Amino acid sequence: MKRLFRSISTRITRKYLVIFSFVLIIPTLVIYQLVVNYAKDLMRINIEQSNEIYAESIAKRLNSELNDVVLQLQLIAGQTGNQRVDEQAMYQRAKQTVSKSVFIQSIYYFDASKRLRFEAPFQTEGRGIVYEYPKMEHVRWSYNYVVTELIRNHRGEQAVAVLIPVFFEDRRFRGALVAELSREYLSEMLKSISVTRGGFGYIVDRNGMVIASTDEAEWNKNYAEEPVVERVVKGEIGTGVMPHVGQVSVMTYYMMSHNWGLVVGVPESLAFVPVSKLSATLTGGFAVIFALMLCLVVLGMRHILNPIVRLTRFARHFHQSPSRAPFPEMLVESQDELGVLMRTITSMAVKIHEKEQFLRDVIEGIPYALITLDQQGRITHVNRNMAALIGAPADTWKGQPISVLPPFSFLQSLVGETEVSLEDENKQTRIIRAVASPFNGGVLAVLEDVSQVKLLEAHVRQSERLALMGQITSGIAHELKNPLAVLASTSELLKEEMADLAPAQMIQTLVTDIEEEIKRMSEIVSEFLAFVRMRHEEVGEVEMDRLMDRVLHLLRIKLNEANVRVIRSYEPFLPPAKGRQNKLLQVFLNLLLNSVEAMPNGGTITIQMKRDGPWLTVSIADSGVGISEQDLQWLFNPFFSTKERGNGLGLTIARDIVVEHGGDIQIESVVNQGTTVRCRFPIAIKEGVAT
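Values in this document were obtained by computation on a predicted structure and should not be read as measured data.

Chemist: For the pairing of strand 11 (residues 247-255), give the residues involved together with the corresponding values.
Modeler: Judged from the 7 bridges that link them, strand 10 (residues 238-244) and strand 11 form a sheet pairing that is antiparallel. What sits directly across from V241, in strand 11, is V250. What sits between strand 10 and strand 11 in their antiparallel hairpin is a turn of 2 residues, with V245 showing a positive phi close to 50°. Between strand 11 and strand 12 (residues 261-267), which pair antiparallel and follow one another directly, the connecting turn spans 5 residues, one of which, H258, has a positive phi of 70°.

Quick look at the structure:
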């Protein structure tokens, strides 16, 4: 027993108990609850169905009885063509009707002056009493019968009655016959079914007053505030579980004709008695099941968990000191699964040692320097290449913090790839590429001497720069053509205007355009020289709409000559983009000139600008000849052109400038329909917020 309690403190035992709880105990409790709830639901559905059948039956029977009362009153009235009320004959017929009917308690006749003429089955001694019987005015004017709610008659008693008007062929109101109904008969009608099931039932009028009930103590009570009565007086029909007189009950409510409501139900305390007995039976059965489960737990802990705990202790000692591990002979000799597991673990230990030796050989054989650090930044392993890079044997630094090697202290916080410059023992600078990643709670770093590689890359970049200079030279020649074209047109127009003695303002504008284009040509040359000297133009905020308006102003003469109409659609309050203004002007000048040249017979250029998240999108669409799908894939290649005299550098330079600004450029075109060029630029950021 002590061994059993000792094993409970182990993790596997606690897991075993937790699994036992989730697999056996909790599902058992859930099943128990589901069975009980299902039985309750089944019982409630059965009661609801029975109540609905009972309510419908009572309603039909009561409606039929009321119709019979109306018919009998009409026979008593004897409405013929005599034009005279025969009170004595009516009284005799009324006495016979009351004596034969169990539903009619008494019959009265009130004349048109509200005077009581007779009362059956009693004598006519009460004749002459004047009393305004409730609902009498209703039958006077409606000429139709009415069934009253709970009222007070001329004797001061609570009653319900049926009234019919008495009139003849002249349609003159002669009086009203009143049949007071037997509330005892209505209650007995309810008791005939509901009481035998331990339930209840009652009939209420439209004011919530109890007309009849299986419990006579409920007569004349006002149940208007009961939830079920609130529903039934609204004309609703249904079934539900609701409180009634302090008890939760399963009830069916039914609105009958004549504004009477019927409620039948069974308290849950009585309805679910069979379910309670079933619950007690299930509780006893599950208690027996739990006892058996407990026995299984004890046996499992003794014959399964205890051997596993001993095997775990052996594995722990074997890991720490294989030669001193207590060998559990009883487990090795056992032929069951635990014995197989023990022999398998022993075999795996030998294989793991072999794999470890293999990995050590691989690490030592790779042509890179490798070092591992633990979470505290201590060196846990270095291979021979790393030792050579450090300049000391590996055993010297193992277990030491990386801070004792200042040139390599950056490895403790390094994540990813970096390059550093180190000096070796000969005072020569060496470039080391280091890649580090999390490893076994620490850091694994691989280092490579890339000094020679960097030297070769520098030579390659120099060669590429020389080749690119040639391409840029061609690009500059191409770009200088556009400002020169503007200057030529402006100069020609200036001559013409001067010939006609143009106003001084026009001359000043044309001269300003010439100066701006000359300035831009100088900036292009300066950019070329800056590229050669590895300088960069300063980046700033560029308002694209104003820049585009400036480009259109510079091209206004060429646009007019080419019969090209420009449509501008700028989104209001556009934020500035981040870039170099002159280079972006160069991009849009190239794109607009391409669009003009694509429309030899004139056309329309539509320029749109809008914000798209963190991007500013500029679209230039023309109605020109378009570009074939085959040529679209080559447009950005240097020296490829669809023009006879083009050098193929305009779009290449424009693409490079857009990419340099962190954006992208796309071209869509349909032959004989036009071309759309869409450029995206990142929006300038101010203090962490896009402007």
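Next comes the rest of the description.
Chemist: How would you sum up the nonpolar core? Please name residues and give values.
Modeler: In terms of nonpolar packing, the biggest core is built from 42 residues, with M544, M548, F588, L591, L592, I605 and F681 touching the most fellow members. Mapped onto this core, the elements with two or more residues apiece are helix 15 (544-554), helix 17 (581-597), strand 21 (603-612), strand 22 (615-622), helix 19 (650-660), strand 23 (664-670) and strand 24 (674-682). Broken down by element, the residue count for this core peaks at 9 residues, all from helix 17. If near-sequence neighbours (up to four positions away) are discounted, F681 is found in contact with M544, A577, L584, F588, P614, W615, L616, V618, V658 and H661. In terms of nonpolar packing, the next biggest core, distinct from the first, is built from 41 residues, V98, F103, I107 and V166 among them.

Chemist: Give a description of the packing of aromatic side chains that names residues and reports values.
Modeler: If you walk through the whole model with that rule in mind, you get 11 aromatic pairs. Each ring, one from Y91 and one from F118, has its centre 5.5 Å from the other, and the planes form 70°; the classification is edge-to-face. Of the two residues, Y91 sits in helix 3 (residues 87-100) while F118 sits in strand 2 (residues 116-120), which places them 27 residues apart along the sequence. Among the residues examined, Y91 registers a relative accessible area of 5% and is labelled buried. Relative to F110, the ring of Y108 lies with its centre 6.4 Å away and its plane at 55°, an arrangement referred to as tilted. Among the residues examined, Y108 registers a relative accessible area of 0% and is labelled buried. Members of the aromatic cluster, connected to one another through ring pairs, are Y108, F110, Y131 and Y133.

Chemist: Hey, could you go over the packing of helix 17 against helix 19 for me, with residue numbers and the actual values?
Modeler: At a minimum axis distance of 9 Å, the contact between helix 17 and helix 19 shows a crossing angle of 145°. For the crossing formed where helix 17 meets helix 19, the hand is left-handed. Of helix 19, the residues touching helix 17 (which contributes K583, Q586, V587, N590, L591 and N594) are G650, L651, I653, A654, I657, V658 and E660. Here the residues of the contact of helix 17 with helix 19 are counted per class, giving 7 nonpolar, 4 polar and 2 charged.

Chemist: Outline the sheet that holds strand 1 (residues 104-111), supporting the account with residue identities and numerical values.
Modeler: The 5 strands lie next to each other as 2-1-7-6-3, forming an open sheet whose pairing is antiparallel. Of all strands in the sheet, those bounded by a partner on one side alone are strand 2 and strand 3 (146-147). Both strand 3 and strand 6 (residues 161-167) contribute to a ladder of 2 bridges, which runs antiparallel. Within the sheet, the bridge partner assigned to V147 lies in strand 6 and is V162.

Chemist: If you had to explain the pattern of salt bridges to someone new, which residues and values would you point to?
Modeler: Applying the stated criterion to the full structure yields 18 salt bridges. Ionic pairing is found between R117 and D111, a salt bridge with its closest N-O pair at 4.0 Å. Given a relative accessible area of 13%, D111 falls into the buried group. Put simply, E132 and K114 hold a salt bridge, and the shortest N to O gap is 3.4 Å. Taken together, the positions of E132 in the loop between strand 2 and helix 4 (136-142) and K114 in the loop between strand 1 and strand 2 put the pair 18 residues apart, joining distant regions of the chain. By relative accessible area, which is 47% here, E132 ends up partly exposed. A network of salt bridges, in which partner residues are shared, links K114, E132, E137 and R140.

Conventions we followed
Residues numbered from 1 in each chain as written. Predicted model: local features only at pLDDT ≥ 70, side-chain atom pairs only at ≥ 80, totals over all residues. Heavy atoms only, no water. Pairing = 2+ DSSP bridges. Helix = DSSP H or I, 4+ residues; strand = E, 2+ residues; numbered from the N terminus. Core = buried A, V, L, I, M, F, W, Y, C linked by side-chain atoms within 4.5 Å. Buried < 20%, exposed > 50% of the residue type's maximum accessible area, 1.4 Å probe, protein only. Contact = heavy atoms within 4.5 Å. Phe/Tyr/Trp six-rings, centres within 6.5 Å; stacked < 30°, edge-to-face > 60°. Axes fitted to C-alpha atoms, helices over the stretch in contact; angles between N-to-C directions. Left-handed = near helix turned anticlockwise from the far one by under 90°. Nonpolar A, V, L, I, M, F, W, Y, C, P; charged D, E, K, R; others polar. Salt bridge = Lys/Arg side-chain N within 4 Å of Asp/Glu carboxyl O.

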